[in-house]
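# Working through the structure, step by step
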Amino acid sequence: MVEVQRVSKTFQRIGKNGATELKALSDVTISIREKEFVSIIGPSGCGKTTLLKIIDGLTPYDGGEILINGKKVTGPGPDRAVVFQTFALLPWRTVLANVEFSLELRQLPREQRTATARDYLKRVGLADFENHYPHELSGGMQQRAGLARALAVNPSILLMDEPFGSVDAQTRQLLQEELLELWQREQKTVIFITHSMDEAVYLADRVVVMTPRPGRVAEILDVPLPRPRIPDVVRRDPKFVDLTNYIWDSLKKAMENHH
Amino acid sequence: MKARISVNVLSIATLAVLWEVAGRLMDTTLIPPLSNIASAWLRLLMNGKLLENLVMSLWTLAAGFFLAVILGVIIGVLMGRFRPVEHFLDLYINALMSAPMTAFVPLLIMWFGLGVESRIAVVFLFAFFVIVINTMTGVKQVDRIFVEMARSFGAKELEVFFKVVLPAAMPAIMAGVSIGMGRAVKGIVTAEMLLTLTGIGGMIMQYGSAFATDALFAVILTILMVAMIAMKLVKIVDRRLTGWKAEIAIE
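Cut-offs used in this document
- In every chain, residue numbers begin from 1 and rise along the written sequence.
- For this description, chains carry letters from A and ligands carry numbers from 1, given in the order in which they are written.
- A pLDDT threshold of at least 70 governs which residues receive local features in this predicted model, and a stricter bar of 80 or more applies before side-chain atom pairs are shown or counted, although totals over entire chains, interfaces and linings include all residues.
- This entry defines residue contacts through backbone-placed C-beta atoms, with two residues in contact when those atoms are within 7 Å.
- Secondary structure counts use DSSP, requiring at least four H or I residues in a row for a helix and at least two E residues in a row for a strand, with both numbered from the N terminus.
- Under the scheme applied here, ten amino acids are nonpolar (Ala, Val, Leu, Ile, Met, Phe, Trp, Tyr, Cys and Pro), four are charged (Asp, Glu, Lys and Arg), and all others, including Gly, are polar.
- Each nonpolar core comprises buried Ala, Val, Leu, Ile, Met, Phe, Trp, Tyr and Cys residues, the members being joined through C-beta atoms within 7 Å.
- The burial criterion counts other C-beta atoms lying within 10 Å of a residue's C-beta, which is placed from the backbone; the residue is buried at 20 or more, exposed at 12 or fewer, and partly exposed between these limits.
- A pair of strands is treated as paired once DSSP finds two or more bridges between them.
- Geometry is summarised by axes, namely lines fitted to C-alpha atoms with helices restricted to the contacting stretch, and by angles between N-to-C directions that run from 0 to 180 degrees.
- Should an angle fall under 35 degrees it is taken as roughly parallel, and over 145 as roughly antiparallel, whereas 65 to 115 is taken as roughly perpendicular and any remaining angle as oblique.
- Should the near helix be turned anticlockwise from the far one by less than a right angle, the crossing is left-handed, and should it be turned clockwise, the crossing is right-handed.
- Note that the domain bounds reflect an automated or database-derived domain assignment.
- Here the expected span of a helix is defined as 1.5 Å times the quantity of residues minus one.
- Fitting axes to the seven residues that end at a residue and to the seven that start at it, the angle between those axes gives the bend at that residue.
- pLDDT measures how confident the predictor is about each residue, on a scale from 0 to 100.

Take the interface of chain B and chain A next. If you look at the interface, chain B gives 15 residues, while chain A gives 18 residues. Contributions of two or more residues to the side of chain B that touches chain A are made by helix H7 (144-152), helix H8 (157-194) and helix H10 (213-250) of chain B. A total of six residues in the side of chain B that touches chain A trace back to one element, the largest contributor, which is H7(B). Residue composition of the side of chain B that touches chain A, by class: eight nonpolar, two polar and five charged.

The structure is reproduced here in structure tokens:
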């Protein structure tokens, strides 16, 4: 269980005109159940990524509290792993060595490390590419490697920061399907940042809609679509269409109120 | 690659022929024909003089360069990682980076005397600053997302440094080391010409003042060859350490 309670974050910028303050998040409260898939959607610059980094423990927050299973977050922990928008694969390491990276930091012995990394590469369909370097792979394949690296440490919470934002449309749909399959098999809590309404609804149990800066929670919506979700069926479901339209209106309203 | 090599061979052959012809036509000691230079080179090689001096020069070069790499990388890393260190030192490093190092030779003689220490110090000074600046720049330019990723997976400061920052900065560091090597060769010849007439630099001064142009050219060509081999060695190390970067650049 992930509880985000009245979290606020203000960045201090020291520029030419002295220190300026940038309020990124204001009073954000979200409660996420175990093994739930939650999408967070909002306009660019609404602090979605900041919120994710705060939950990961990378960024300190200055108001409120983050609790995971009742314990306060004070830094990164083995119960969470991030999948990054730009993949963040180390270019000097092969795909296998990139997946092993997360395991090295957990002090796993070498053979166990390699075996685990290979296992997860197989699960994301990259078994034949372990000796390739990231730049030799397509964007979609690089993100599969990023996903394998995160899954390999066996976190209970997967934090995904617009993970499919930099791949082409077809690959994106394919990755979404694969992610749902993996999520059903691996039984993880997923917090998924996106700015695609279609993606948010297709994947999630609930969608959190955020306002422009400073990011607040505008609405939290249930996604009443059955699982497993078959893409063509789901996307033609009137409930899917209604919900994406509703989110679009909600985002528009939030933007209008902002100006 | 093959075409490239044959053009290189053609280029050298053309120069050699022109040189030989020009030398014979002009018939002066100022431009000796290439064949004379070759026989002077053989003579110096046979009587052991060239090798003896070359070994001496190379040893000094290696010592000064090694120190410059070790200290240069350490200082560069500290400057790149810690703002206060950078602000404390960058003024001097930038000033000395482009200052003519020969100006410091008299000072070095006073500090270290006329022995090998002074020559090592000259080599060091020639190579050091460019390595510092390149290392610092490389460390500063490491993509933040890599550092963030490592922290997110629980990396501690030292792990972030050795597993992410250092390998990411390695191409820039090696670029500095490579330029530093070129400068180090200049440093050793300068030191041997200006300080005590030893090594290959000393041979240049000796043959130059004796108008032994054939031997002089033989030494100069030897220095060019040494410089080329030294650069090649750096390139081999560079390939081993940062081959991944070269492959990305090709695409």
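Here the focus is the nonpolar core. Core analysis: the largest hydrophobic core is formed by 139 residues, its most contacted members being Ile55(A), Val99(A), Ala148(A), Ile191(A), Val123(B), Ala127(B) and Ala184(B). Those residues in contact with Val123(B), other than ones at most four positions away along the chain, are Thr60(B), Leu61(B), Gly64(B), Phe65(B), Ala184(B), Gly187(B), Ile188(B) and Ala191(B).

Further remarks concern the sheet that holds strand E5 (residues 71-72) of chain A. All names here are of chain A. In spatial order, the strands read E2-E1-E4-E5; together these four strands make up an open sheet with antiparallel pairing. The sheet terminates laterally at strand E2 (18-32) and E5, the two strands that pair on one side only. As paired strands, strand E1 (residues 2-15) and E2 are joined by 11 bridges and run antiparallel to one another. Within the sheet, the bridge partner assigned to Arg13 lies in E2 and is Thr20.

For the rest of this paragraph, the subject is unusual backbone geometry. Residue and element names in this part refer to chain A. In this model, Arg213 is joined to Pro214 through a cis peptide bond whose omega is -5°. With respect to the element layout, Pro214 can be found in the loop between strand E9 (206-210) and strand E10 (217-222). A cis amide bond links Arg227 to the next residue, Pro228, at an omega of -5°. Residue placement: Pro228 occurs in the loop between E10 and helix H7 (231-236). Of note, Asn154 is a non-glycine position whose phi angle comes to about 50°, a positive value. Take Asn154: it is sitting in the loop between helix H4 (139-152) and strand E7 (157-161).

Turning next to the packing of helix H6 (residues 116-140) of chain B against H8(B). When two helices pack together, their arrangement is given by the angle between the helix axes and the distance between those axes. Residue and element names in this part refer to chain B. The N-to-C vectors of H6 and H8 enclose an angle of 155°; their axes lie 7 Å apart at closest approach. Put simply, H6 runs roughly antiparallel to H8. For the pair H6 and H8, the sense of crossing is right-handed. Among the residues making up the contact of H6 with H8, the classes are represented as 20 nonpolar, nine polar and four charged.

Our focus in this paragraph is the domain arrangement of chain A. All names here are of chain A. The domains assigned to chain A are domain 1 (2-79 + 156-258) and domain 2 (89-154). With 11 residues of domain 1 at the contact, the number on the domain 2 side is eight residues. Broken down by element, the side of domain 1 that touches domain 2 gets its largest block of residues, five residues, from helix H5 (residues 169-186). A class-by-class count of the residues in the side of domain 1 that touches domain 2 yields eight nonpolar, two polar and one charged.

Further remarks concern helix H4 (residues 83-97) of chain B. Spanning 15 residues, H4(B) covers 19 Å between terminal C-alpha atoms, matching the ideal 21 Å at 1.5 Å per step. Maximal helix bending in H4(B) amounts to about 45°, located at Leu89(B).

Attention now moves to the domain arrangement of chain B. All names here are of chain B. Assigned domains within chain B: domain 1 (1-31) and domain 2 (33-250). Its C-alpha centre places domain 1 at a distance of 30 Å from the equivalent point of domain 2. When the residues that make up the side of domain 1 that touches domain 2 are grouped by side-chain class, the tally is three nonpolar, two polar and two charged.

For the rest of this paragraph, the subject is the sheet that holds strand E8 (residues 189-194) of chain A. Residue and element names in this part refer to chain A. Spatial strand order, E6-E7-E8-E3-E9-E10: six strands in an open sheet with mixed pairing. Of all the strands in the sheet, just strand E6 (80-83) and E10 have a single pairing partner and so form its edges. Strand-to-strand, the axes of this sheet are offset by a mean angle of 15°, without reference to chain direction. Taken together, the four bridges between strand E3 (residues 37-41) and E9 define a ladder with parallel strand orientation. In the sheet register, Ile40 faces E9, and the bridge partner there is Val208.

All names here are of chain A. One can describe the packing of helix H2 (residues 95-104) onto H4 by two numbers: an axis separation of 8 Å at closest approach and a directional angle of 30°. Classified by the angle between their axes, H2 and H4 sit roughly parallel to one another. The hand of the H2/H4 crossing is right-handed. Here Val95, Asn98, Val99, Phe101, Ser102 and Leu103 of H2 lie close against H4, whose contacting residues are Ala145, Ala148, Arg149 and Ala152. Across the contact of H2 with H4, the residue classes break down as seven nonpolar, two polar and one charged.

The next point concerns the confidence of the model for chain B. All names here are of chain B. Here chain B shows a mean pLDDT of 90. Residues at 70 or above account for 97%. At the level of individual helices and strands, chain B shows its lowest average pLDDT in H10, which scores 86, and its highest in H7, which scores 96. Predicted as a complex, the structure gets a pTM of 0.85 and an ipTM equal to 0.91.

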